[in-house]
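Descriptive structure summary
Chain by chain, the residues run as shown.
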Amino acid sequence: MEDGGVTERERRRGSGLGGCVNAVILAILILGAIAAGFWFLGDSLKKRFLEPDPVTVATSSLQGLREQNRLSTFAARYVAVVTSKQSRLGLTAQKTLIMPGSVRYEVDLSKLSDKDLSWDAGSNTLTITLPPVEVIGPDVDIDQIREYGEGGILMALTDAEAKLDAANRQAARVELVRQAREATPMRMAREATRRAVENNFALPLRAAGITANVTVRFADEGDRSNRERWDMSRRPEDVYANRQ
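Bear in mind that the values here come from a model prediction, so they are computed numbers and not experimental data.

What counts as what
- Residues numbered from 1 in each chain as written.
- Predicted model: local features only at pLDDT ≥ 70, side-chain atom pairs only at ≥ 80, totals over all residues.
- Heavy atoms only, no water.
- Core = buried A, V, L, I, M, F, W, Y, C linked by side-chain atoms within 4.5 Å.
- Buried < 20%, exposed > 50% of the residue type's maximum accessible area, 1.4 Å probe, protein only.
- Helix = DSSP H or I, 4+ residues; strand = E, 2+ residues; numbered from the N terminus.
- Contact = heavy atoms within 4.5 Å.
- Salt bridge = Lys/Arg side-chain N within 4 Å of Asp/Glu carboxyl O.
- Expected span 1.5 Å × (residues − 1).
- Phe/Tyr/Trp six-rings, centres within 6.5 Å; stacked < 30°, edge-to-face > 60°.
- Polar contact = N/O pair within 3.5 Å; in protein donor to acceptor, adjacent residues only side chain to side chain.

Focus: the nonpolar core
- In this structure, Tyr105, Ile128, Leu130 and Phe201 are the most contacted members of the largest nonpolar core, which totals 38 residues.
- When residues in this core are grouped by element, the largest group, 8 residues, is from helix 5 (residues 183-207).
- If sequence neighbours within four positions are ignored, Leu130 has contacts with Val107, Leu112, Thr193, Val197, Val216, Arg217, Phe218 and Ala219.
- Ranked by size, the runner-up nonpolar core spans 5 residues in total, among them Ala93, Leu154, Met155 and Ala160.

What follows is the structure, given as structure tokens:
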């Protein structure tokens, strides 16, 4: 039978051809979706297992720091000069004590936790927040202690000398710690600690092929975006010149 010059056989052939084309297109779409899925899965696995994760590397460095327990990167020596006086029985006695001593500046790394690490993927910046720097000591140099006294009569007749010695020793230790906590040595101690910790995190990241900025701050300080550096033109011995 003919219909406008097109036979029934031809119509069936055209319908079958269209169905095959649709099936091929559908198969291509399905294969494309499967291929995209495998590509996405492979890319995810590559990023997870082949490309280093900065957070993982930083966490490993953090664990290594914690195992050190305490970090000491700076020490200084100071000299305390103190004088005590006592008056009794119309007499006066006084003694002056010159006491050298050293202190260490330490950070308790055992207090670090994962929350003290912050990774900003946008700027590739790793920020580490450290516990405050602690002043440890002083360790008194007993062999270098010098004493000068006046009023020997009162000291001979009473226990004034023992009391003056005790007062001077206590005051000298307080003075050594006071000097150690001044702004300049504390800033120098923070900077020394900061550099050491920055290297501890930056080197493993660099070895893993990760380009990152490492910033170290302390829990007891404010914003360090405008980092204050100590004057490198001054020598430490100039900073710690003994006060007479």
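Examining the pattern of salt bridges
- According to the stated counting rule, one finds 18 salt bridges in the structure shown.
- For the salt bridge of Glu106 with Arg104, the shortest nitrogen-to-oxygen distance reads 3.1 Å.
- The salt bridge involving Asp116 is made with Lys115; its shortest N-O contact spans 3.9 Å.
- According to the relative accessible area criterion, Lys115 is exposed, its value standing at 70%.
- One salt-bridge network, held together by shared partners, links Arg70, Arg104, Glu106, Asp108, Lys111, Glu134 and Asp139.

As for helix 5
- Helix length check: helix 5 (25 residues) gives 36 Å between terminal C-alpha atoms against 36 Å at 1.5 Å per residue, within 8%.
- A positive backbone phi angle near 80° is found at Gly209, which sits one or two residues after helix 5.

Let's talk about the packing of aromatic side chains
- Under the criterion given, the structure shown has 1 aromatic pair.
- Measuring from ring centre to ring centre gives 5.4 Å for Phe74 and Tyr105, while their planes differ by 50°; the resulting arrangement is tilted. With Phe74 in strand 3 (residues 70-88) and Tyr105 in strand 4 (residues 91-108), this pair connects stretches of sequence that are 31 residues apart.
- Assessed through its relative accessible area of 0%, Tyr105 is described here as buried.

Focus on the side chain of Glu221
- Take Glu221: it is sitting in the loop between strand 9 (213-218) and helix 6 (236-239).
- You can call Glu221 buried: its relative accessible area is 12%.
- Engagement of the side chain of Glu221 in a polar contact is seen with the side chain of Arg194, the distance being 3.3 Å.
- In this structure the side chain of Glu221 is engaged in a polar contact, spanning 2.9 Å, whose partner is the backbone nitrogen of Phe218.
- Residue contacts for Glu221: discarding those within four places in its chain leaves Arg190 and Arg194.

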